[in-house]
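Spelled out from the first residue to the last, the chains are:
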Amino acid sequence: ERDQVSSVVPKFVHGYGRVPASVPRRRLRIVVTGGAGFVGSHLVDKLIARGDDVIVIDNFFTGRKENVVHHFKNPRFELIRHDVVEPILLEVDQIYHLACPASPVHYKYNPIKTIKTNVMGTLNMLGLAKRIGARFLLTSTSEVYGDPLEHPQKETYWGNVNPIGVRSCYDEGKRTAETLAMDYHRGAGVEVRIARIFNTYGPRMCLDDGRVVSNFVAQAIRKQPLTVYGDGKQTRSFQYVSDLVDGLMALMEGEHVGPFNLGNPGEFTMLELAEVVKETIDPSATIEFKPNTADDPHKRKPDISRAKELLNWEPKISLRDGLPRMVSDFRNRILNEDEAKGF
Ligand code: NAD
Ligand code: UDP
Ligand code: UDP
C-alpha cells in the first residue's frame, strides 16, 4: 500500500539484498492552483490516483466544488478557498499553477482581475516556490502567439499580440507570467516548467463558458442551433483533456524548462467542428451565423515536435474519439439544470 511507504527508501535492506526497482517513489505533496476548474480537477484525479498528496487552491470564480467533491473524504486531499492574488504559506514539493479563467467570456468579464491573477498570482506562487524550493509549472497558453503569422506555431515564434486589445488581460498576462517564471528561474534558481496549452475540451467544462466546443455540445443537446461566429473558416486544434494532463505531468517530471506546446495538431475550421458535433450528437442540428468577436485569431495549430522529442509525449485521442466522451457529462448537467428550473 503506497500510503505506508516511508519517505526514505533504503537502497539495501539487511538480509533482503537490493530493494527491487519497483519500490514506489516517495509520496509527493503537490499544490494545484485552479484545481477546482476544468483542467485542474482532471489533473487532481490523476495525481491522487498516482498516490500523491494534493492541496487545491481555488477562489471558485470559474471552478466548482462538484469537480473535486469525490475526493472530500480522502485524507490525502485538501481544498483551500483562496485567491492567488494574496500571498500564502505552504510546504510542498511541486506547484502546478493553473489558477486563471481560461474562456474568453470569463477572462473578459473582469479584465483587471484577470491580469492581476496572471501577474500577482503568478508572482506569489513563484515566491512560494522560491521560499520552499518547490518545482513550479506554469500553464501558459497558445494565445501568447496572438493572431499568428507563422503556421503551425513553434515555441520559437514570438507571436503577434495586440497589447491594448480586449484579450490582452489574458494573452499579455500570460506572456508576463512566462517572463516572471523565466526570471525566477534565472535569477533565483527556481525549477520552472512552462506549458503552452492549445484549446482543450472534455467533461467538466463550464456549460456557460462560451468556448466553442462547450457551446456547440450544449446547443446540440438542447436542440438549439449551433452558433458559428464570423464565416466559420477560422481554425483551431482541439485536444482532449486526458492528453493534456499526461503532457503536464510529463513536463513536471522531466528535466526540461520549456516552453512546450501541448496540443493536438488536428486542425479544424469551426464549420468542420460543427459537422463533427452534429455527427456525434444530433445530425439534424442547424447552424446559425453570428458576428465574430474582436481580435479573434484566424488560425491556430501547434507544432509539437519539441514535446514529442524531449517529453516523449503526443496526444492519443482524436476529436472524433474525444467528443463522445464529454456528451454524457454535459447531458447530465443540462438535465439537472432543467430540473432545478422546474422544466
Ligand atoms: P477554468 O476556468 O475551468 O479553471 C481555472 C480555475 O482557476 C477555476 O477553478 C477558477 O475558479 C480558478 N481561479 C481563477 N482565478 C483565480 C484566482 N485569482 N485565485 C484562485 N483561483 C482562481 O479553466 P481551465 O480550462 O481549467 O484552464 C486552466 C489553466 O489552463 C488556465 O491557467 C488557463 O489559462 C490554461 N489554459 C487552458 C486552455 C483550455 O483550452 N482549457 C487553453 C490554454 C491555457
Ligand atoms: N510569497 C508567498 N508565499 C511564500 C513566499 C512568497 O505568497 O511562501 C509571495 C510574497 O508575498 C511576494 C511574492 O510571493 O508577494 C514574491 O516573493 P519574493 O520573495 O520573490 O519577493 P519579495 O517578497 O521579496 O518581493
Ligand atoms: N466560436 C464560434 N461559436 C461559438 C463560440 C466560439 O464560432 O459559439 C469561435 C470563436 O470565434 C473562435 C473559435 O470558435 O474563432 C474558438 O473560440 P473559443 O472561445 O473556444 O477559444 P479561443 O481559441 O478563441 O480562445
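Okay, so let's go over this structure. Just so you know, these numbers come straight off a predicted model, no measurement behind them.

As a further point, take the overall build of the protein. Secondary structure assignment for the protein yields nine helices and 15 strands. By the compact-globule yardstick of 20 Å for 343 residues, the protein fits well, its C-alpha radius of gyration being 21 Å. The C-alpha extent of the protein, read off along each of the three principal axes, is 70 × 45 × 40 Å. Counting over 343 residues, the protein shows a buried share of 42%.

What follows covers the site of ligand 1. What surrounds ligand 1 is a group of 30 residues, the closest being G34, G37, T62, G63 and A102. Breaking the shell around ligand 1 down by element, the ones donating at least two residues are α1 (38-50), β4 (53-58), α3 (111-132) and β7 (135-141). Here the element with the most residues in the shell around ligand 1 is α1; it accounts for three residues. Its residues assigned to classes, the shell around ligand 1 shows 14 nonpolar, 14 polar and two charged.

As a further point, take the sheet that holds β4. What the seven strands build is an open sheet, ordered β5-β4-β3-β6-β7-β8-β13; its pairing is parallel. Strands with a single pairing partner mark the edges of an open sheet, and in this sheet they are β5 (77-81) and β13 (260-262). Averaged over all pairs of adjacent strands, the angle between strand axes in this sheet comes to 20°, irrespective of strand direction. Sheet topology note: the strand β3 (residues 29-33)/β4 ladder contains five bridges and is parallel. Directly across from R29, in β4, lies its bridge partner D53.

Next up on the list: the site of ligand 3. Neighbouring ligand 3 are 15 residues; R211, V212, N215, T227 and Y229 lie closest to it. Looking at the shell around ligand 3, the elements that each hand over two or more residues are α5 (212-221) and β10 (226-229). It is β10 that provides the largest number of residues to the shell around ligand 3, a total of three residues.

In this section: the packing of α5 against helix α7 (residues 270-281). Where α5 meets α7, the axes come as close as 10 Å, and the angle between the chain directions of the two elements is 40°. The angle between the axes of α5 and α7 places the two elements in the oblique class. Classified by chirality, the crossing of α7 by α5 is right-handed. Contacts between α5 and α7 involve V212, F216, V217, A220 and I221 on the former and, on the latter, M270, L273, A274, V277, K278 and I281. Each residue belonging to the contact of α5 with α7 can be placed in one class, and the counts come to 10 nonpolar, no polar and one charged.

Calculation notes
- Residues numbered from 1 in each chain as written.
- Chains lettered and ligands numbered in written order.
- Predicted model: local features only at pLDDT ≥ 70, side-chain atom pairs only at ≥ 80, totals over all residues.
- Helix = DSSP H or I, 4+ residues; strand = E, 2+ residues; numbered from the N terminus.
- Rg over C-alpha atoms; globule rule 2.2 N^0.38 Å.
- Buried ≥ 20, exposed ≤ 12 C-beta atoms within 10 Å, placed from the backbone.
- Near = placed C-beta within 6 Å.
- Nonpolar A, V, L, I, M, F, W, Y, C, P; charged D, E, K, R; others polar.
- Pairing = 2+ DSSP bridges.
- Axes fitted to C-alpha atoms, helices over the stretch in contact; angles between N-to-C directions.
- Parallel < 35°, antiparallel > 145°, perpendicular 65-115°, else oblique.
- Left-handed = near helix turned anticlockwise from the far one by under 90°.
- Contact = placed C-beta atoms within 7 Å.

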